[in-house]
Amino acid sequence: MECYVSNLMSNSSKMKYQRAVLFSGGGTRFGLYIGMYAALEEMGLKPDLLIATCGGSLATAIIQAFATDTARKSYLQSEEFYRFFCGHQLTEQRQLGKLGWYVLKKQLDKRRAPYLEDVFHRYLVNMEHDLSPFLPTLDQPYSAEIPAILIGSRMLFEPSAVGGRRGRQKLYQKVIMGDAEALSRIDPVAIQIPGENYGQSAVASAIEVNAEITLLDAVRISMSDMFYIEPIQWRGDYYAGGAIDLVPVELAQSLADEIICERKQPYKTQEECLVRAVLGFSGNQRLQDIDQQYQHIRWIDTADAAQQLEGSYCKKGIDWRRFEITLSLPASLDEFAVSMEAQWNYGYRKTLEMRTGVA
């Protein structure tokens, strides 16, 4: 890998892309990003680079797989995608005495990743490691027409080390996956995240750039989410998701002259405490730092997505009678299609409202 990174750095002087768009994920809001992309094309702002994390990576795979917005929306509402979306079951961690009690304890602990947390076995949703049998339409190479970069993380410890004290050990390494040509433009030194928030975290400063991971494997890696979706193994190493850097503006700035990015709502209390417990930094501090340091970004404000799209994507709840976490899923393909339509329309409308500067 060291040799590969060295080769990449020698190519980092290539001409920048004109425009990069960041899809930051956030649950199952896949249709939102497809609507965003359609609006950008309509506005004459079609990106020539996509950068995606978490759920945004799956939307990126859909964009890459189809040539038109009509075809992309049709796939969003297809039986194949519906079956994948609704085919996941909750694990025993759904019981509030398990994951719920754990989250409550972590809210009270303000330390930065003091222990090696068990994200190998403590997760809420079962998702297959190999997505190709379930999303065969998306099992394609990266598209040269729409270059894409996906964010994930490599775990620097084994399951046997879980429960130990971290000390100053770094536990996660950012991994940048994607189109080989796009990756060849990256200078890993130039995309470091500055400041104490990351410097004192459990995230290593060295960044891995990997062009060997296939598109669907990269999507699955990026979608792994601590305590939500299990990490996976790839060539002997464990890989976790894009939560390590949900808004990779340093990467976008190094590769493109113009950046368009979703303005996300702040982390909820539970989300903030889990990021702090596992990765050792503050997600909300990261968002504040971006606001202060990158005011030239063109923002798409989706801060009200949870309210506007209530009932239009998979949502966690609590069944107090059974004392367990629940997931609300569409009961039929027709209901699913309506939800995807609502997401698409929201993303499309919010993008048309986009303006430069802080919202």
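Fair warning: this is a prediction, and the values are worked out from it, not measured in the lab. (Residues numbered from 1 in each chain as written. Predicted model: local features only at pLDDT ≥ 70, side-chain atom pairs only at ≥ 80, totals over all residues. Heavy atoms only, no water.)

## Here's the deal with the packing of aromatic side chains
Summed over all chains, the structure comprises 16 aromatic pairs. With a centroid separation of 6.0 Å and 50 degrees between ring planes, the pair formed by phenylalanine 81 and phenylalanine 336 is classed as tilted. Of this pair, phenylalanine 81 sits in helix α5 (residues 79-86) while phenylalanine 336 sits in helix α14 (residues 333-352), and the two are 255 residues apart along the sequence. Residues phenylalanine 120 and phenylalanine 157 carry aromatic rings whose centres are separated by 5.5 Å and whose planes lie at 80 degrees to one another, so their mutual orientation is edge-to-face. Remark: phenylalanine 157 occurs in the loop between β3 (148-155) and β4 (172-178) and phenylalanine 120 occurs in the loop between α6 (96-108) and β3; sequence separation between them is 37 residues. In terms of burial, phenylalanine 120 and phenylalanine 157 fall into one category: buried. Joined through ring pairs, the aromatic side chains of Phe30, Phe66, Tyr75, Phe81, Tyr82, Phe84, Phe85 and Phe336 make up one cluster. Above the plane of the ring of tyrosine 102 lies arginine 122, whose end atom (NZ or CZ) is 4.3 Å from the centre. (Phe/Tyr/Trp six-rings, centres within 6.5 Å; stacked < 30°, edge-to-face > 60°. Helix = DSSP H or I, 4+ residues; strand = E, 2+ residues; numbered from the N terminus. Buried < 20%, exposed > 50% of the residue type's maximum accessible area, 1.4 Å probe, protein only. Lys NZ or Arg CZ within 6 Å of the ring centre and 35° of its normal.)

## A look at helix α4 (residues 69-76)
Among all positions in α4, only Arg72, Lys73, Tyr75 and Leu76 are buried. The buried residues of α4 occupy one face: seen down the axis, they fall within an arc of 160 degrees. Buried positions along α4 lie against α2 (30-42), α3 (55-65), α5 and α14. (Arc of directions from axis to C-beta. Contact = heavy atoms within 4.5 Å.)

## What about the nonpolar core?
Formed by 118 residues in total, the largest nonpolar core has its most connected members in Phe81, Ile149 and Tyr172. Excluding residues that lie within four positions of it along the chain, phenylalanine 81 makes contacts with Phe30, Leu58, Ile62, Tyr75, Leu76, Leu135, Phe336 and Met340. (Core = buried A, V, L, I, M, F, W, Y, C linked by side-chain atoms within 4.5 Å.)

## Thoughts on helix α11 (residues 269-278)
Burial analysis of α11 places seven of its 10 residues in the buried class, which makes it a mostly covered element. Turning to α11, its buried residues are Glu272, Cys273, Leu274, Val275, Arg276, Ala277 and Val278. Positive backbone phi, at 80 degrees, marks glycine 280, one or two positions downstream of α11.

## Re empty space enclosed by the protein
Space left empty within the atom packing is revealed by a probe, the size of a water molecule, rolled over the atoms. All told, the structure shown has five cavities of 30 Å³ or more when counted by the stated rule. Lining the largest cavity are 14 residues, with Ser153, Tyr172, Met226, Ala240 and Gly241 sitting closest to its centre. Split into classes, the residues belonging to the lining of the largest cavity amount to 10 nonpolar, three polar and one charged. (1 Å grid on protein atoms, 1.4 Å probe; cavity = no way out; pocket = protein on both sides within 12 Å on 5 of 7 lines; lining within 4 Å. Points joined across faces, edges and corners; volume = space filled by probe spheres on them. Nonpolar A, V, L, I, M, F, W, Y, C, P; charged D, E, K, R; others polar.)

## With respect to the environment of leucine 156
Within the fold, leucine 156 resides in the loop between β3 and β4. Residue classification places leucine 156 among the partly exposed residues on the basis of a relative accessible area of 31%. Separated by 16 residues in the primary sequence, leucine 156 and tyrosine 172 place their C-alpha atoms 5.5 Å from one another. Setting aside residues no more than four positions away along its own chain, leucine 156 makes contact with Gln169, Lys170, Leu171, Tyr172, Gln173 and Ala204.

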